[in-house]
Amino acid sequence: MNKTLKATLISCLVSTTLLAAPAMASKLKIGIAAEPYPPFSVKQSSGQWSGFEIDLVNYICKEIKAQCEINEVAWDGIIPALTSNKIDVIFNSMSITAEREKTIAFSAPYYYTPSMYVGPKGSKLTTTPAGLKGKIIGVQGSTSNADFLKKNYSSTATIKYYNTQDELNADMAAGRVDVMLMDAVPAVDFLQSKDGAALEAKGMAPKDPLLGEGIGAGLRKSDVALKKQFDAAIKKMQVSGDFKKIQKKYFSIDLTPK
Amino acid sequence: MRFEWMSSYGQFFIDGLTITLELLLCSGVLGFLLALAVGFGRLSRQPFIAWLSLSFTNLIRGTPLLVQIYVLYYGVGSLFVSFPAVRDSFLWPYLRDGFWYVVVALALSVGGYVGEVIKGGLRAVPKGELEAARALGMPPFMTVRRIWLPRAIQILLPSLAGESVLLLKSTALASTVAVMDVLGAANLVRAQTLRTYEPLLSVALIYLVLAWLIERVFRKLERRIPVRSAI
């Protein structure tokens, strides 16, 4: 009896140390929002994450020889999670903006998507501030699209801010907003889905500094070395053509950052 | 602590405060009227009315307010869009606005909770006073209007103050259906400036001040009603 107890204890101890040891060695915690964002990050029924961004981050992790693990965080708390060390990297389609750069650092952009206006089929909409006068424009509040709308459209149109794109999509379908502004890539997917069948593209947003220079990995300002590694890996991914190879699996449009 | 975002987002807070107060007043008034009906309904001698009031109270008190808001907003509210007659009617601007769904949900909630409180208050009025009114020849409706209800509300004022503060805090749920109340404004600031504590603490302070104001108003009301302690 005593022997079995001893053996159990020892095996328990050995196994925990063995399992814990590699975990201690520079495991990079990649933070992504818990809600799926197809085709960038999708949770499989097995609980594993997959998608375009997951492929990209796996590529980068391999390049910089880091062990990465995906951590789920609430999107609206993702920056506090980074600054409080709960995660080490935000890799979740976050636009690089001056506002965000006050709080965190960004890697070089790893992809870029334009923003697209989406509205009901058949509705006549000119997406200029004058054309959308008196209309209700829906936008996810935590995106750079919201900044852009607030600056240029808030004097002529009503802007409704949503916590998540899903809520906005539901309200678009229920006719509670006249038009919405969202990233073009998920928009293309959404328009092809059953929920987006009654909607169509109403044009792209013009180039604007508020819409950002592209999507970058969010890093702590103090992690200078990690930023250098990420920048180098992202550059290599573009130059070698590996980015286009990964991209082809998911998109018909080009997302190469400028 | 940094508050420089106040200059560009201050207006959102002022607009949000207006929405919060409008939610509080609209749902408070409507809810109180409903609560009166429920309170008297609970004491009704008509079995059907008593049963109906009790079922309503159980339904409202037995389900989370957030679920009620979602059922109204995402459930009932999303049906209207498929009827062109509704879409083209003058009601559409109201039917597509989340505000009125929250007002209805909050009013129903007040009806359920405060209705039960009012029932208690109505029961607490001494029988002798009602009998005295009847003895003086007051018709039943006048008895209710002059004696029963005023006395019940007088007894209930402290509880009603508490219920009003609870209602104030419930209005914060409006931000879950894209209504820009003060919490909605704080969420927007949080999302756009990435400051977490400052906007949330500001909102907490606003609610504290509002709750304090409500308590004060009710205390004033309590003092205004003369109480004769001599029996």
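Residues numbered from 1 in each chain as written. Chains lettered and ligands numbered in written order. Predicted model: local features only at pLDDT ≥ 70, side-chain atom pairs only at ≥ 80, totals over all residues. Heavy atoms only, no water.

A. A look at the overall build of chain A. Along chain A, the regular secondary structure elements total nine helices and twelve strands. The proportion of buried residues among the 258 residues of chain A is 48%. Contacts spanning at least 24 positions in sequence make up 70% of the contacts within chain A whose residues lie at least 6 apart. Approximately 12800 Å² of chain A is accessible, and the part contributed by carbon and sulfur atoms is 59%. (Helix = DSSP H or I, 4+ residues; strand = E, 2+ residues; numbered from the N terminus. Buried < 20%, exposed > 50% of the residue type's maximum accessible area, 1.4 Å probe, protein only. Contact = heavy atoms within 4.5 Å. Areas by Shrake-Rupley, 256 points an atom, 1.4 Å probe, with all protein chains shown as cover.)

B. Seen up close, the sheet that holds strand S1 (residues 27-33) of chain A. Residues and elements named next belong to chain A. Pairing is mixed across the open sheet formed by five strands, whose spatial order is S4-S1-S5-S12-S6. Edge strands, defined here as strands with exactly one partner in the open sheet, are strand S4 (67-73) and strand S6 (105-106). Where S1 lies against strand S5 (residues 89-90), two bridges are found, and the strand directions are parallel. In the strand pairing of S5, Ile-30 is matched with Val-89. (Pairing = 2+ DSSP bridges.)

C. Molecular detail of the environment of A:Lys102. Positionally, A:Lys102 belongs in the loop between helix H4 (98-101) and S6. Sequence-wise, A:Lys102 and A:Asp55 are 47 residues apart; in three dimensions their C-alpha atoms are separated by 29 Å. Excluding residues that lie within four positions of it along the chain, A:Lys102 makes contacts with A:Lys221 and B:Arg2.

D. The arrangement of the packing of helix H1 (residues 6-42) of chain B against helix H6 (residues 98-124) of chain B in detail. Residue and element names in this part refer to chain B. Packing of H1 against H6 leaves a shortest axis separation of 5 Å and a crossing angle of 40 degrees. One way to sum up the angle between H1 and H6 is to call them oblique. Crossing hand, H1 versus H6: right-handed. Considering only residue class, the contact of H1 with H6 consists of 20 nonpolar, five polar and four charged. (Axes fitted to C-alpha atoms, helices over the stretch in contact; angles between N-to-C directions. Parallel < 35°, antiparallel > 145°, perpendicular 65-115°, else oblique. Left-handed = near helix turned anticlockwise from the far one by under 90°. Nonpolar A, V, L, I, M, F, W, Y, C, P; charged D, E, K, R; others polar.)

E. Geometry of the sheet that holds strand S11 (residues 199-204) of chain A. Residues and elements named next belong to chain A. Taken together, the five strands give an open sheet; going across it, the order is S9-S8-S10-S7-S11, and neighbouring strands pair in mixed fashion. Of all the strands in the sheet, the pair left with one neighbour each is strand S9 (158-162) and S11. Taken pair by pair, the neighbouring strands of this sheet meet at an average axis angle of 30 degrees, ignoring direction. Two strands pair when backbone bridges link them, and strand S8 (residues 136-140) and S9 are joined in this way by five bridges, in the parallel orientation. By the bridge assignment for S9, Gln-140 is matched with Tyr-162. Packed onto the sheet, helix H5 (residues 144-153) meets strand S7 (115-120), S8, S9 and strand S10 (179-183) and runs at close to 150 degrees relative to S8.

F. Broad picture of the packing of helix H9 (residues 182-193) of chain B against helix H10 (residues 197-224) of chain B. All names here are of chain B. Contact geometry for H9 and H10: axes closest at 9 Å, N-to-C directions at 165 degrees. Classified by the angle between their axes, H9 and H10 sit roughly antiparallel to one another. Crossing handedness for the pair H9 and H10: right-handed. Residue-level inspection shows Val-182, Leu-183, Ala-186, Val-189 and Arg-190 of H9 in contact with H10, the latter providing Pro-199, Leu-200, Val-203, Ile-206 and Tyr-207. For the contact of H9 with H10, the residue count by class is nine nonpolar, no polar and one charged.

G. Representation of the pairing of S1(A). Residue and element names in this part refer to chain A. Within S1, five of the seven residues are buried, which leaves the element mostly enclosed by the surrounding structure. The pairing of S1 with S4 spans seven bridges and is parallel. By the bridge assignment, Leu-28 is partnered in S4 with Cys-68.

H. Focus on the packing of aromatic side chains. Inspection of every chain in the model, using the stated rule, returns 24 aromatic pairs over all chains. Here A:Tyr161 and B:Phe12 contribute two aromatic rings whose centre-to-centre distance is 5.9 Å and whose plane-to-plane angle is 70 degrees, an arrangement assigned as edge-to-face. Highlighted residues: A:Tyr161 in strand S9 and B:Phe12 in helix H1, drawn from two different chains. For the residue pair A:Tyr161 and B:Phe12, the accessibility class agrees, reading buried in each case. Relative to B:Trp5, the ring of B:Phe3 has its centre 5.8 Å away and its plane inclined at 40 degrees; by these criteria the two rings are tilted. The class for B:Phe3 is partly exposed, based on a relative accessible area of 39%. A connected cluster of aromatic rings, assembled from ring pairs, spans A:Tyr37, A:Phe40, A:Phe52, A:Phe91, A:Tyr110, A:Tyr111, A:Phe243, A:Tyr250 and A:Phe251. (Phe/Tyr/Trp six-rings, centres within 6.5 Å; stacked < 30°, edge-to-face > 60°.)

I. How the structure looks around the interface of chain B and chain A. Of the residues lining the interface, 27 residues belong to chain B; the matching set on chain A comes to 26 residues. Buried surface at the junction of chain B and chain A, both sides included, amounts to about 2100 Å², of which 48% is carbon and sulfur. If you sort the residues of chain B by the area they bury against chain A, B:Arg96, B:Gln192 and B:Leu194 come out on top, with a joint share of 33%. For the interface between chain B and chain A, the tally reads two salt bridges. (Buried area = accessible area lost by both parts, 1.4 Å probe. Salt bridge = Lys/Arg side-chain N within 4 Å of Asp/Glu carboxyl O.)

J. Up close: a positive patch on the surface. The grouping of B:Arg216, B:Arg219, B:Lys220 and B:Arg223 at the surface amounts to a positive patch. On the basis of relative accessible area, B:Arg219 is assigned to the partly exposed category, the value being 41%. (Patch = residues over 30% accessible without salt bridge, like charges linked within 9 Å, V, L, I, M, F, W, Y side chains within 5 Å. Lys, Arg positive; Asp, Glu negative; His and termini not counted. Charge placed at Lys NZ, Arg CZ, Asp CG, Glu CD.)

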